[in-house]
Amino acid sequence: MADGQPIYRPKHGLTRWLDSRLPLPRLVYDQFVVYPTPRNLNIWYTFGAMLAFFLAVQIVTGIVLAMHYVADGSLAFASVQNIVREVSYGWLIRSLHATGATMFFVAVYLHLFRGLYYGSYKAPREIVWILGVLIYLAMVATAFLGYVLPWGQMSYWAATVITSLFGSLPLVGDSLTQWLWGGYAVGSPTLTRFYALHTLMPFVICALVALHIWALHVVGNNNPAGIDVAGEQDTLPFHPYFTVKDAFFLSLFVIVYAALVFYAPDALVSPDNSSPANPLVTPAEIQPEWYFLPYYAMLRAIPFKLLGVAVLLGAFISPLFAPWLDSSKVRSCRYRPLMRWFFWGFVAACLTLGYIGSQPVAAVLHLGVASLPLVWVGRCATLYFFAYFWLVMPILGRIEVPDPTPETIAQPVLIKEGAA
Amino acid sequence: MADPEKPEPTRRDFLYVATGTTGAVGTACVAWPLVDQMNPSSGARADAVLEADISAVKPGQQQVLQWRGHPLIVRRRTPAEIAAARNVRLEDLIDKLARNANLPEDAPAIDANRAAIPEWLVVVGVCTHLGCTPAASTAEAPQGSYGGWLCRCHGSEFDTAGRVRTGPAAQNLFVPPYAFLSSTRIRVG
Ligand code: HEM
Ligand code: FES
């Protein structure tokens, strides 16, 4: 614990009794009440709390759905219709769960980009970052498995395309896909096992989140200035300063969530998922959920099967190496005049890929007289995505002259307050 | 006397190694059923034969049946489609193997090896890229530029013999084991 942090002293008989047996209140007090937090954390630091909130929302609404859902190929679609039409408030719970997944991903993407911008992945937070990426990968798996459950056309064909990715592995590919399917094609056995795993994964995520926060609290938060906490003047106790800040921005975020749940529950759902799964007909345009579109665009940008799969895998695991790829001593992009631009280029590449993933394969971009097939734009964006990690991070730190960083975290804050 | 650096193994050492080995072997034995339960069950493996009447298919049309959970395409090719398939040179193909379960594995992908009876092409309707069902091209509504099929998922194109002509798919559509029982009845599997 940092020096000067108040010590937990249970006042009542009962809390003293508990403290000497299972010091849970002490843990909460140390980690979430007096925990010293850099005083300059901004709005981008509130998404961690939002993620915890949405994990809880998904688990609560998910368990309610599980009470009515039937994971069998012939009944699944009808059971979801039953949830939406007959079960009391089923429409609400389902919409909270489906839209909750969307909000969860909005939050995780902002949280990840925040980490990239302020250099939170660098020493001593490598483990925090790696656990974060693992949580994201577990979320990807969970959301994919969940999307299969309503057993509509998109569910079925998403399951087919994604599981077929494993078929491209040399030698073991075919037996591996049949093992995943429990048959010769995606079918009822596939649905049932996906359901079991979809229910398990959120609890795996809970465990990873606990490790993530543990690792974070060992080294302390990074902050927008990207410099180390130098002493007490740089921090504030977590409660009430950051509990309130988190709660305030969470309430704004939840307003957006509620607006989607009540006014646009289907805005992000493909209409094709309103027809039951049909193994004989692929819908004209198949498309994953919005949060997977950039990866989908990468897959389509590569005209060779095995390479496409390798690129996809690379895109998922490249961020894991960021702590060792970035050669700059300065963490925050606030003081990295060049990296800043490359960072925004990275954001732009991800958004561009997302857009391309939402368009038909053969779409063409018309720029005045010239016309450019989108697949080429996708190839460039994919290259940039990889270059950001494997070229920009290692090289830029060696050639960039960073701006001077402040002496302490408190300094710029106090100067601003003095001026105001 | 034994080397003093390496003391004689004791009874405890023996129990330690024996217990560890038993535990490791036991764990491996339990792990296999846990893995193997995911494989297709005997029921799924048993249902693999399909018989169907295909007399209703007109030239230039296809019928989609279901075999092993997959779409199975039976296409009655027009003379023009057969000619188009026969005019392709083997060198121009992405996948030069016939992928025909009724022929040896190294049979070349010439049209005669894809469709034993030229009029009837029987292929599994699963794109060899990532498993979508390709859309059939007809004279009225062409799909792609090779007259066979277009997979709308990621843009693979197939010719009138079901051979891949544009990636990302890397293999020709598979020809399943099948036989004609009469001129209009077919057995697959
Ligand atoms: C990390 C947390 C979770 C995420 C990201 C997630 C995501 C999803 C998604 C994207 C869907 C498809 C929604 C739709 O199209 O309707 C879904 C459906 C479903 N989920 Fe989850 N889920 C999570 C946790 C859970 C938990 C803990 C349970 C149960 C214990 C659960 C049970 C279900 C059920 C029964 C469905 C099918 C009903 C439906 O489609 O509305 N989920 N989930
Ligand atoms: S599944 Fe057919 S092109 Fe990808």
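Procedures and definitions
- Within every chain, residues take consecutive numbers counted from 1 along the sequence as written.
- Labels follow written order: the first chain is A, the first ligand is 1, and so on.
- Only residues with pLDDT of at least 70 get local features here, since the model is predicted, and only at 80 or more are side-chain atom pairs given and counted; chain-wide, interface and lining totals rely on the full set of residues.
- The side-chain values count all of the structure's non-hydrogen atoms but skip hydrogen atoms and water molecules.
- Whether two aromatic rings pair depends on their centres lying within 6.5 Å, for rings of Phe, Tyr and Trp, where Trp uses its six-membered ring; planes under 30 degrees apart make the pair stacked, over 60 edge-to-face, and the rest tilted.
- Here the term buried applies to any residue with accessible area under 20% of the maximum for its type, exposed to any over 50%, and partly exposed to those in between, with areas from a 1.4 Å probe on protein chains only.
- The criterion for a charge sitting over a ring is simple: Lys NZ or Arg CZ within 6 Å of the ring centre, and within 35 degrees of the ring normal.
- Residue ranges labeled as domains rest on an automatic or database domain assignment.
- Put simply, buried area is how much 1.4 Å-probe accessible surface two parts lose in total, over both of them, once they are put together.
- Take a side-chain nitrogen of Lys or Arg and a carboxyl oxygen of Asp or Glu: if they are within 4 Å of each other, that pair is a salt bridge.
- Whenever two N or O atoms come within 3.5 Å, that pair is a polar contact, provided that in protein one can donate a hydrogen and the other can accept it, and provided that, for residues adjacent in sequence, both atoms are side-chain atoms.
- Helix and strand labels come from DSSP, where a helix needs a run of H or I of at least four residues and a strand needs a run of E of at least two; each type is numbered from the N terminus.
- Charged residues are taken to be Asp, Glu, Lys and Arg, nonpolar residues to be Ala, Val, Leu, Ile, Met, Phe, Trp, Tyr, Cys and Pro, and polar residues to be all remaining types, Gly included.
- We call a residue near a given molecule or strand whenever any one of its heavy atoms falls within 4 Å of it.
- Only heavy atoms enter the contact rule, under which two residues are in contact if any of them lie within 4.5 Å.
- Here a donor is an N, O or S atom found within 2.8 Å of the metal, or within 3.2 Å if the metal is Na, K or Ca; sites may look incomplete because water is not among the atoms.
- Every angle between 85 and 135 degrees makes a four-donor site tetrahedral, while opposite donors more than 155 degrees apart, with all other angles between 65 and 115, make a four-donor site square planar and a six-donor site octahedral; other sites are irregular.

Draft legend 1. The arrangement of the packing of aromatic side chains in detail. Applying the stated rule across the entire model yields 42 aromatic pairs over all chains. A ring pair is formed by A:Phe385 and A:Phe386, whose centres lie 5.7 Å apart and whose planes are at 65°; its orientation type is edge-to-face. A:Phe386 shares its class with A:Phe385; the two are buried. Grouped by ring-pair contacts, the aromatic residues A:Tyr45, A:Phe113, A:Tyr117, A:Tyr118, A:Phe343, A:Trp344, A:Phe346, A:Phe385, A:Phe386, A:Tyr388 and A:Phe389 constitute a single cluster. If you follow A:Arg379 out to its NZ or CZ, it ends over the ring of A:Trp376, 4.5 Å from the centre. Above the face of the B:Trp149 ring, B:Arg75 is positioned so that its terminal group lies 4.6 Å from the ring centre.

Draft legend 2. Main features of the domain arrangement of chain A. All names here are of chain A. In terms of domain boundaries, chain A breaks down into domain 1 (11–33 + 41–279) and domain 2 (287–420). Between the C-alpha centres of domain 1 and domain 2 the distance comes to 23 Å. A combined buried area of about 3700 Å² lies between domain 1 and domain 2, and 69% of that area is made up of carbon and sulfur atoms. In this assembly, domain 1 and domain 2 are joined by two salt bridges. A salt bridge links Arg331 to Asp228; the shortest N-O distance between them is 3.1 Å. Where domain 1 meets domain 2, there are 14 residue pairs in polar contact (both at pLDDT 80 or more). Among the elements of the structure, helix H5 (90–117), helix H6 (126–148) and helix H7 (153–165) are those that each provide at least two residues to the side of domain 1 that touches domain 2. Looking at which element gives the most residues to the side of domain 1 that touches domain 2, the answer is H6, with 10 residues. Tallied by class, residues from the side of domain 1 that touches domain 2 come to 29 nonpolar, 10 polar and five charged.

Draft legend 3. A look at the site of ligand 1. Residues and elements named next belong to chain A. Around ligand 1 sit 25 residues in total, of which Gly62, Arg94, His97, Pro150 and His198 are the nearest. Contact between ligand 1 and Arg94: an oxygen atom at 2.6 Å from a side-chain N or O atom of the residue. Residue His198 places a side-chain N or O atom 2.8 Å away from a nitrogen atom belonging to ligand 1. When residues of the shell around ligand 1 are traced back to their parent elements, those giving at least two are helix H3 (47–66), H5, H6 and helix H9 (188–219). Among the elements that take part in the shell around ligand 1, H3 stands out by supplying seven residues, more than any other. The class makeup of the residues in the shell around ligand 1 is 17 nonpolar, seven polar and one charged.

Draft legend 4. Representation of the interface of chain B and chain A. Each side of the interface is counted separately: chain B has 27 residues, and chain A has 26 residues. In total, about 2300 Å² of surface goes out of reach between chain B and chain A, with carbon and sulfur atoms giving 63% of it. Applying the counting rule to chain B against chain A returns zero salt bridges. Along the contact surface separating chain B from chain A lie six residue pairs in polar contact (both at pLDDT 80 or more). When contributions to the side of chain B that touches chain A are tallied by element, the ones reaching two or more residues are helix H2 (42–46), strand S2 (62–67) and strand S3 (70–76) of chain B. For the side of chain B that touches chain A, the class distribution of residues is 11 nonpolar, 13 polar and three charged.

Draft legend 5. Up close: the coordination of the iron atom of ligand 1. Residue and element names in this part refer to chain A. Within the protein, the iron atom of ligand 1 binds to His97 (NE2) and His198 (NE2); these donor distances fall in the range 1.9 to 2.0 Å. Of note is the iron atom of ligand 1, whose six donor atoms meet at the metal with angles of 86 to 179° in an arrangement that counts as octahedral. Here His198 lies in helix H9 and His97 lies in helix H5, a separation of 101 residues in the sequence. Among the residues examined, His198 registers a relative accessible area of 14% and is labelled buried.

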